[in-house]
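Remarks on the overall topology
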Amino acid sequence: MSASQTSDVPTLLVKIFGKDRPGITAGLFDTLAAYSVDVVDIEQVVTRGRIVLCALVTEPPKGLEGDLRATVHSWAESMRMQAEIISGIGDNRPRGLGRSLVTVLGHPLTSEATAAIAARITRTGGNIDRIFRLAKYPVTAVEFAVSGVETEPLRTALVTDAARLGVDIAVVAAGLYRRAQRLVVMDVDSTLIQDEVIELFAAHAGCEDEVAEVTAAAMRGELDFEQSLHARVALLEGLDASVVDKVRSEVRLTPGARTLIRTLKRLGYQVGVVSGGFTQVTDDLKDRLGLDFAQANTLEIVDGKLTGRVTGEIVDRAGKARLLRRFAAEAGVPLSQTVAIGDGANDLDMLNAAGLGVAFNAKPVVRQAAHTAVNFPFLDTVLYLLGVTREEVEAADTLDAD
């Protein structure tokens, strides 16, 4: 009898638990094979050297169930393990409609936070089908597979709790969609890099205070981004173009940036950056990091001097979202399968337009508006939101080293 025909026939749930060692799975199924049972489902978990192996199988031919039970228990004892066998009817209960993956990042991940997350999932009508650890370093990252509730209400409920619980929570739809995300677009200043590029240029021009005043006015809402950009760039007029190379050398990548990009590229993702900064820096980052796309504002240089003006298309808040769409079209990726990462209010349109918008060490208003937030200083933690484990990252790094 095939497993697809077991909806209303007697089945046995065989559970084996104890110290893990090689050969347990093969040994159990060798034992069961003597009774001509079909496998309906298997689940196995190993935690700190302890294994729990569950096999749901069809009932053996009439008169053999008692012998099967005795043989399985005898085999388990020979392996210094315990066995439990439960009779029932049919397969597992079908999972509820609505499938989501809930990723939780904590440093540490406390039992109180875990209890609150599980309780919130239950209150929304969801059921936790599986829990899996993605990483233990530099943060603890675990993934809950949840069914029975649609993704959006689950996300709303859990993200609201995240700050109070001291964890970061991402909720995405389960299925092929998640692995199909094939374009990641990042902001640059204070996201991909630790610096604000305009401030690096201002330091060489001796106008840091003036630039800071314009930035503060923009943050107070007295200037929009384009006005503040022109006002700050104007302060750089007359600066020698040789300072571009100096600024490039001063740029500091955010911890984990290289790992994030390297891993994404291995997975087949395309990666781009959009910036309210300058192409004189983003083009260099594109070459150094092997990025697929890069777009920013361009400082005008005439006769070896900065003119205090920018040329070409202005990359502002709306421009970043527009470029995300352009990159997605060029990459042949649906917008629903894009990931955007940023930290500032001028990233919000891009974060909301993407299939998954990640606020990285962002201002409160950005964290509240984005799909999810990461509040750890390591950019590669974003990989866990995509279901990539730390072991997969490290294994790939080892292959590169070889």
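None of the values given here were measured: they were computed from a predicted structure.

To continue, consider a negative patch on the surface. A cluster of like negative charges, contributed by Glu199, Glu208, Asp209, Glu210 and Glu213, occupies part of the molecular surface. Per-element accounting of the negative patch gives the leading share, 4 residues, to helix 7 (residues 208–219). As for its position among the elements, glutamate 199 is in helix 6 (residues 197–205). Judged by relative accessible area, glutamate 199 falls into the partly exposed class, the value being 46%.

Reading across the sheet, the 4 strands line up as 6-7-5-8 and stay open at both edges, with antiparallel pairing between neighbours. The open sheet has two free edges, formed respectively by strand 6 (127–135) and strand 8 (168–173), since each of these has just one partner strand. The sheet shows a mean angle of 20 degrees between the axes of neighbouring strands, taken without regard to direction. Helix 3 (residues 111–123) contacts strand 5 (99–106), strand 6, strand 7 (140–147) and strand 8 of the sheet and is inclined by roughly 15 degrees relative to strand 7. On top of the sheet, helix 4 (residues 151–165) reaches strand 5, strand 7 and strand 8; it is set at about 175 degrees to strand 8, its chief contact.

With that out of the way, let us pick up the nonpolar core. Counting residues in hydrophobic clusters, the biggest one holds 62 residues, and the most contacted among them are Met186, Leu192, Phe201, Phe278, Leu285 and Ile341. Ranked by residue count, the leading element in this core is helix 6, at 5 residues. Non-local contacts of phenylalanine 201, meaning those with residues more than four positions away in its chain, are made with Leu236, Leu239, Val243, Val244, Val247, Phe278, Val281, Leu299 and Leu306.

The next thing to look at is the pairing of strand 13 (residues 338–342). Of all the 5 residues making up strand 13, 5 are buried; the element is thus mostly covered by neighbouring parts of the structure. Neither face of strand 13 is left uncovered, since the one carrying Thr338, Ala340 and Gly342 and the one carrying Val339 and Ile341 both have all their residues buried. Across 4 bridges, strand 9 (residues 183–186) lies against strand 13 in parallel orientation. The partner of valine 185 across the bridge, within strand 13, is alanine 340. Pairing analysis gives 4 bridges linking strand 13 to strand 14 (residues 356–360), with the strands arranged parallel. Counterpart to isoleucine 341 in the pairing with strand 14 is valine 358.

Here we take up the side chain of threonine 11. Tracing the chain through its elements places threonine 11 in strand 1 (residues 10–19). Among the polar contacts listed, one links the side chain of threonine 11 to the backbone oxygen of glycine 90, at a separation of 2.9 Å. Among residues more than four places away in sequence, those in contact with threonine 11 are Leu56, Val57, Thr58, Glu59, Ile86, Ser87, Gly88, Ile89 and Gly90.

Across the 8 residues that make up strand 7, a large majority, 7, are buried. By the bridge criterion, 8 bridges tie strand 5 to strand 7 in an arrangement that is antiparallel. Note that in strand 7 the partner of leucine 105 across the bridge is alanine 141. What sits between strand 6 and strand 7 in their antiparallel hairpin is a turn of 4 residues.

All right, on to the packing of helix 1 (residues 24–33) against helix 2 (residues 65–78) then. Packing of helix 1 against helix 2 leaves a shortest axis separation of 10 Å and a crossing angle of 155 degrees. One way to sum up the angle between helix 1 and helix 2 is to call them roughly antiparallel. In the packing of helix 1 onto helix 2, the handedness of the crossing is right-handed. Seen from helix 1, the contacting residues are Ile24, Gly27, Leu28, Thr31 and Leu32; seen from helix 2, they are Leu68, Thr71, Val72 and Trp75. The residue makeup of the contact of helix 1 with helix 2, split by class, is 6 nonpolar, 3 polar and no charged.

A word on the environment of glutamate 65. By secondary structure assignment, the location of glutamate 65 is in helix 2. You can call glutamate 65 partly exposed: its relative accessible area is 21%. The spatial distance from the C-alpha of glutamate 65 to the C-alpha of leucine 12 is 9.3 Å, given a sequence separation of 53 residues. Those residues in contact with glutamate 65 that sit more than four places away from it in its chain are Leu12, Glu59, Pro60 and Ser87. A distance of 3.3 Å separates a polar atom in the side chain of glutamate 65 from a polar atom in the side chain of serine 87.

Before going further, it helps to examine the packing of aromatic side chains. All chains considered together, the criterion is met by 2 aromatic pairs. Ring centres 5.9 Å apart and planes at 90 degrees place the aromatic pair phenylalanine 201 and phenylalanine 278 in the edge-to-face group. On the criterion of sequence distance, the pair formed by phenylalanine 201 in helix 6 and phenylalanine 278 in strand 10 (residues 270–278) is long-range, its members being 77 residues apart. The exposure classification of phenylalanine 201 matches that of phenylalanine 278, with both residues buried. Taking 4.7 Å as the distance between ring centres and 15 degrees as the angle between the ring planes, the aromatic pair formed by phenylalanine 293 and phenylalanine 327 counts as stacked. Of the two residues, phenylalanine 293 is situated in strand 11 (residues 293–302) and phenylalanine 327 in helix 12 (residues 317–331); the sequence distance between them amounts to 34 residues. Just above the ring of phenylalanine 17 sits the side chain of lysine 15; from NZ or CZ to the centre is 5.4 Å.

This brings us to the sheet that holds strand 14. Read across the open sheet, the 7 strands follow the order 12-11-10-9-13-14-15; overall the sheet is mixed. In this open sheet, the two edge strands, each paired with only one partner strand, are strand 12 (305–311) and strand 15 (372–374). Strand-to-strand twist in this sheet, taken as the mean axis angle between neighbours without regard to direction, amounts to 25 degrees. Pairing geometry for strand 9 and strand 10, over 4 bridges, is parallel. In the strand pairing of strand 10, valine 184 is matched with valine 271. Docked against the sheet, helix 8 (residues 225–234) engages strand 10, strand 11 and strand 12, running at close to 170 degrees with respect to strand 12. In the packing of helix 12 onto the sheet, the strands contacted are strand 9, strand 10, strand 11 and strand 13, and the crossing angle to strand 10 comes to about 155 degrees.

Criteria and cut-off values
Note on numbering: residues in each chain are counted from 1, in written sequence order. Local features are withheld for residues below a pLDDT of 70 in this predicted model, meaning they are given only at 70 or higher, and side-chain atom pairs are given and counted only at 80 or more; totals for whole chains, interfaces and linings count all residues. To get the side-chain values, take all heavy atoms of the structure and skip hydrogens and water. Patches draw on residues past 30% relative accessible area with no salt bridge. Two like charges within 9 Å are joined, as are two nonpolar side chains (Val, Leu, Ile, Met, Phe, Trp, Tyr) within 5 Å. Only the protein chains shown count as cover for residues, and all accessible areas are computed by the Shrake-Rupley method using a 1.4 Å probe. The term salt bridge refers to a pairing of a side-chain nitrogen on Lys or Arg with a carboxyl oxygen on Asp or Glu at a separation within 4 Å. Charge counting treats Lys and Arg as positive and Asp and Glu as negative, with His and both chain ends excluded. Charge positions come from single atoms, namely NZ of Lys, CZ of Arg, CG of Asp or CD of Glu. Secondary structure elements follow DSSP: runs of H or I no shorter than four residues count as helices, runs of E no shorter than two count as strands, and numbering proceeds from the N terminus. Any residue under 20% of the maximum accessible area for its type is buried, any over 50% is exposed, and the rest in between are partly exposed; the area is computed with a 1.4 Å probe on protein chains only. Strand pairing requires that DSSP identify at least two bridges connecting the strands. Orientation is described by lines fitted to C-alpha atoms, with helices fitted over the stretch in contact, and by angles between N-to-C directions that extend from 0 to 180 degrees. The criterion used for residue contact is that any of the two residues' heavy atoms lie within 4.5 Å. Take the buried residues of types Ala, Val, Leu, Ile, Met, Phe, Trp, Tyr and Cys, join any two whose side-chain atoms come within 4.5 Å, and each joined set is a nonpolar core. In protein, a polar contact means a hydrogen-donor-capable atom and an acceptor-capable atom, both N or O and within 3.5 Å, with residues adjacent in sequence counting only if both atoms are side-chain atoms; elsewhere, any N or O pair within 3.5 Å suffices. The labels follow the angle: roughly parallel below 35 degrees, roughly antiparallel above 145, roughly perpendicular from 65 to 115, and oblique for the rest. Should the near helix be turned counterclockwise from the far one by less than a right angle, the crossing is left-handed, whereas a clockwise turn marks it as right-handed. Residues are grouped as follows: Ala, Val, Leu, Ile, Met, Phe, Trp, Tyr, Cys and Pro are nonpolar; Asp, Glu, Lys and Arg are charged; every other residue, Gly included, is polar. Centres within 6.5 Å are what make two rings of Phe, Tyr or Trp a pair, Trp counting through its six-membered ring; a difference in plane orientation under 30 degrees is then read as stacked, over 60 as edge-to-face, and the rest as tilted. Consider the ring centre and the ring normal. A charge sits over the ring if Lys NZ or Arg CZ is within 6 Å of that centre and within 35 degrees of that normal.

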